[in-house]
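# Examining the three-dimensional arrangement
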Amino acid sequence: MNNQKLLIIKIGGNSIDNKFELAQFLETIATINTPFILVHGGGKLATDLAEKLNIPQQLIDGRRITDAETIKIATMVYAGYINKNIVALLQKNNKNSLGLSGADANLIKTTKRIHPTIDYGFVGDLNAESVNTDFLENIINFGLTPVVNAITHDGNGLLLNTNADSIANALAVSLSSKYEVSLLYCFEKKGVLLDPSNDDSVIKTLNHQQYEQLKNDGTISKGMLPKLDNCFNALQNGVSAIGILKATNLLGFLNKTTHEYTTIIE
Ligand SMILES: Nc1ncnc2c1ncn2[C@@H]1O[C@H](COP(=O)(O)OP(=O)(O)O)[C@@H](O)[C@H]1O
Ligand SMILES: CC(=O)N[C@@H](CCC(=O)OP(=O)(O)O)C(=O)O
């Protein structure tokens, strides 16, 4: 590992769906001097669009069952509209950026998920060799900011939908061999909450034992489960620092003027 810093910043689907929050967030990150990679999903828009098209959606523990129609919608939404909209807004803020799916430049190769009881459909699982880190390093050295979406490929022509939190984790872990990486999960709440209905009940530091306890008693559920599984995995695999925070608090977090966020510890 060299000691050049790199931020992997993941923006959540509910924040993306809020036009003003997204614009403010992108204006903020455009001012960051440390190199960063932005990762996004867009699950909310994909669900809304699929339901308008009468394609019912099912998520199990925050992971989408992706049938043949849904992978088309996911690709159009994540690799199409959302990715290009984010890149255009970053350009507006003078941050030259490059939108990428996992198929572009063979950036992220995954394996179609095989599960003993659930057919997840066109969902891709990451592994240690998934990420083309040399390409990302070259782009960063070229002065471009990569904007990576949730669509990956299997190397045999199949597009696969991959949880964007897991992509952020895989990028963070694999790039830890080249950089000192911080992984930041930005979403619409102030952090991991002790009472999910109270946005001010932020848990300041969360360790694995507390996580297991809060998962078992139902305090932590839904999309927060893959997010935290990825956080603990990242921590055990070379990522230097991990934060979960409100997208609109990112500047305060980086300037250390906000203390309302969750730090993941062992
Ligand atoms: N204890 C908790 N603290 C915060 N959020 C929680 C908690 N338990 C469940 N959640 C849910 O997890 C969601 C975040 O997961 P997800 O929607 O996948 O995030 P993202 O917007 O980053 O994709 C929150 O919007 C919230 O509904
Ligand atoms: C397999 C799987 O669950 N893929 C996710 C990818 C998008 C995503 O992760 O979006 P958010 O960050 O907005 O949750 C999905 O389709 O919802």
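First, a word on scope: everything that follows refers to the structure included in this document. Just so you know, these numbers come straight off a predicted model, no measurement behind them. (Residues numbered from 1 in each chain as written. Chains lettered and ligands numbered in written order. Predicted model: local features only at pLDDT ≥ 70, side-chain atom pairs only at ≥ 80, totals over all residues. Heavy atoms only, no water.)

Any covalent bond linking the sulfur atoms of two cysteines counts as a disulfide. One pass over the full model with this rule turns up zero disulfides. Here C186 is not disulfide-linked; the sulfur of C231 is the nearest cysteine sulfur, at 11 Å. Residue classification places C186 among the buried positions, given a relative accessible area of 1%. For C231, a relative accessible area of 0% translates into the label buried. (Disulfide = S-S within 2.5 Å. Buried < 20%, exposed > 50% of the residue type's maximum accessible area, 1.4 Å probe, protein only.)

What follows concerns the nonpolar core. Within the largest apolar cluster, 74 residues are counted, with the highest numbers of intra-cluster contacts made by I8, I9, L38 and L228. Among the elements that line this core, the one with the most residues is helix α4 (residues 68–92), at nine residues. Those residues in contact with I9, other than ones at most four positions away along the chain, are F25, I29, I32, F36, I37, L38, V39, L184, C186 and L250. (Core = buried A, V, L, I, M, F, W, Y, C linked by side-chain atoms within 4.5 Å. Helix = DSSP H or I, 4+ residues; strand = E, 2+ residues; numbered from the N terminus. Contact = heavy atoms within 4.5 Å.)

Moving on, we get to the pattern of salt bridges. The final tally for this structure, using the stated rule, is 13 salt bridges. Across the salt bridge formed by E137 and K178, the nearest N and O atoms sit 3.0 Å from each other. Here E137 is found in helix α5 (residues 133–142), whereas its partner K178 is found in the loop between α6 (164–175) and β11 (180–187), with 41 residues between them in sequence. Taking the relative accessible area as the measure of exposure, E137 reaches 23% and is therefore partly exposed. A relative accessible area of 16% places K178 in the buried class. (Salt bridge = Lys/Arg side-chain N within 4 Å of Asp/Glu carboxyl O.)

Around ligand 2 sit 15 residues, and of these K10, G43, R64, Y78 and N161 come closest. The contact in question runs from an oxygen atom of ligand 2 to an N or O atom on the backbone of G43, over 2.9 Å. Here A164 contributes a backbone N or O atom positioned 2.9 Å from an oxygen atom of ligand 2. If ligand 2 stood free it would expose 420 Å²; the protein chains cover 90% of that surface. Applying the majority rule of atoms within 2 Å of the grid points places ligand 2 in the largest pocket. (Near = heavy atom within 4 Å. Polar contact = N/O pair within 3.5 Å; in protein donor to acceptor, adjacent residues only side chain to side chain. Areas by Shrake-Rupley, 256 points an atom, 1.4 Å probe, with all protein chains shown as cover. 1 Å grid on protein atoms, 1.4 Å probe; cavity = no way out; pocket = protein on both sides within 12 Å on 5 of 7 lines; lining within 4 Å. Sits in = over half its atoms within 2 Å of the grid points.)

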